[in-house]
Amino acid sequence: MLTLRKPTRRLRLIGKLTLALALAGGSIAAAPSGVQAADGPYWKGPAPTNASVTATTGPFRVTEARISGLVSGFGGGRIYYPTDTSQGTFGAVAISPGFTAYWSSLEWLGPRLASQGFVVIGIETNSTLDQPASRGNQLLAALDWAVTSSPAASRIDRNRLAVAGHSMGGGGSLEASLDRPSLKAAIPLAPWNATKSWTRQRVPTLIIGGSSDTIAPVSSHSEPFYTSLGSPEKAYLELRGGSHFFPQTPNDDVAKMMISWLKRFVDEDTRYSQFLCPGPSGLGISEYRNTCPI
């Protein structure tokens, strides 16, 4: 038999409040539908805006240190990482310069990415003449060093690692992601590689090329690389008028896409999908392709 219980004092008060609001023509508002019940486990920093992903400095303070050339497997470089120890561990990305170049050619990327909540290892290669396969091995060696022996080792989540690089370093990032499919992201910039097909590569990959690149023309490098990628998640951004050396100059479009790609796939932060789908547009962009929804 169903027993009807006498309403508690709290329920009576709620009922009176509801009635009063109704009589006054008011209503009880529901929680906004856009409110997240809980953030993702790896989300870092405030909700992003277009201004925040193009800012020269993100929400995290950064420190940096020189990497001795005596490390095993790569030629040293610099490491950048957030000083905040209250946010748990961070994802990490190793970045290689291009043929005949040094890390200083890409140095602007170190503090810019790190200030968004990543550990960044900018490597020097064993030789400035190293080919893509060697650079890929060195990127992986740099990640291995970072999670075991670097001053930021305790702050890195070894399960959330990525690679990037310019020119032959970009080709190296494709090699590294093929060799280590557990990587969370790869970002080749104006990549060069004699291998054109990457059907066995499964790492989420963003390729950025320049329409005026005469050293690694997009028609014979970036575009066939993108088309052949076996990864279910990939994107291709082409900068209008971009030369082969566009990665060596600070660029808001490049930074925005790199930050968003790393946030989305290293941090699994879906708040950044808005910058990837439908993607960037404007006078500086000549083409953008993707596998939306991401």
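Here the structure is a predicted model, which is why all the values come from computation and not from measurement.

Caption draft 1: Spotlight on unusual backbone geometry. Backbone torsion omega between cysteine 277 and proline 278 reads 5 degrees, so that peptide bond is classified as cis. Within the element layout of this structure, proline 278 appears in the loop between α7 (252-265) and β9 (285-290). In this model, cysteine 292 is joined to proline 293 through a cis peptide bond whose omega is 5 degrees. On the secondary structure map, proline 293 appears in the segment after β9. Positive phi, close to 60 degrees, is recorded for serine 167, a residue that is not glycine. Assignment of secondary structure puts serine 167 in the loop between β5 (156-166) and α5 (168-179). Assessed through its relative accessible area of 6%, serine 167 is described here as buried.

Caption draft 2: Structural context of the state of the cysteines. Overall, the coordinates contain one disulfide when judged by the stated rule. Disulfide pairing places cysteine 277 opposite cysteine 292 at an S-S distance of 1.9 Å. Taking the sign of the S-S torsion, -105 degrees for the link of cysteine 277 and cysteine 292, the bridge is left-handed. One end of the pair, cysteine 277, is in the loop between α7 and β9; the other, cysteine 292, is in the segment after β9, with 15 residues separating them in the sequence. Assessed through its relative accessible area of 32%, cysteine 292 is described here as partly exposed.

Caption draft 3: Layout of the pattern of salt bridges. Tallied over the entire structure, the rule returns nine salt bridges. Arginine 112 is the salt-bridge partner of aspartate 252, the closest N and O atoms lying 2.7 Å from each other. Residue aspartate 252 is found in helix α7, and its partner arginine 112 is found in helix α3 (residues 109-114); the two are separated by 140 residues along the sequence. Each of Asp157, Arg160, Lys263 and Asp267 takes part in a single network of salt bridges with overlapping partners.

Caption draft 4: Region of the structure containing the sheet that holds strand β6 (residues 185-189). If you walk across this open sheet you meet the nine strands as β1-β2-β4-β3-β5-β6-β7-β8-β9, and the pairing is mixed. Every interior strand has two partners, whereas the edge strands, β1 (62-67) and β9, have only one. Strand-to-strand twist in this sheet, taken as the mean axis angle between neighbours without regard to direction, amounts to 15 degrees. Contacting β1, β2 (77-82), β3 (90-96), β4 (118-123) and β5, helix α4 (residues 132-148) crosses the sheet at an angle of about 150 degrees to β5.

Each value, and the rule that gives it
Along every chain, residues carry numbers that run from 1 in the direction the sequence is written. Confidence filtering applies because this is a predicted model: local features only for residues at pLDDT of at least 70, side-chain atom pairs given and counted only at 80 or more, and all residues used for totals across whole chains, interfaces and linings. Derived side-chain values reflect all non-hydrogen atoms in the structure, with water molecules and hydrogen atoms excluded from consideration. Labels follow the DSSP assignment, with helices taken as runs of H or I lasting at least four residues and strands as runs of E lasting at least two, numbered in each case from the N terminus. Relative accessibility decides the category of a residue: with a 1.4 Å probe and only protein chains considered, values under 20% of the type maximum give buried, values over 50% give exposed, and everything between is partly exposed. The definition used for a disulfide is geometric: two cysteine sulfur atoms within 2.5 Å. Salt bridge, as used here: a side-chain nitrogen of Lys or Arg that lies within 4 Å of a carboxyl oxygen of Asp or Glu. What makes two strands pair is DSSP finding at least two bridges between them. What counts as an axis is a line fitted to C-alpha atoms, over the stretch in contact for a helix, and the angles between N-to-C directions run from 0 to 180 degrees. Whether two residues are in contact is decided by their heavy atoms: any pair within 4.5 Å suffices.

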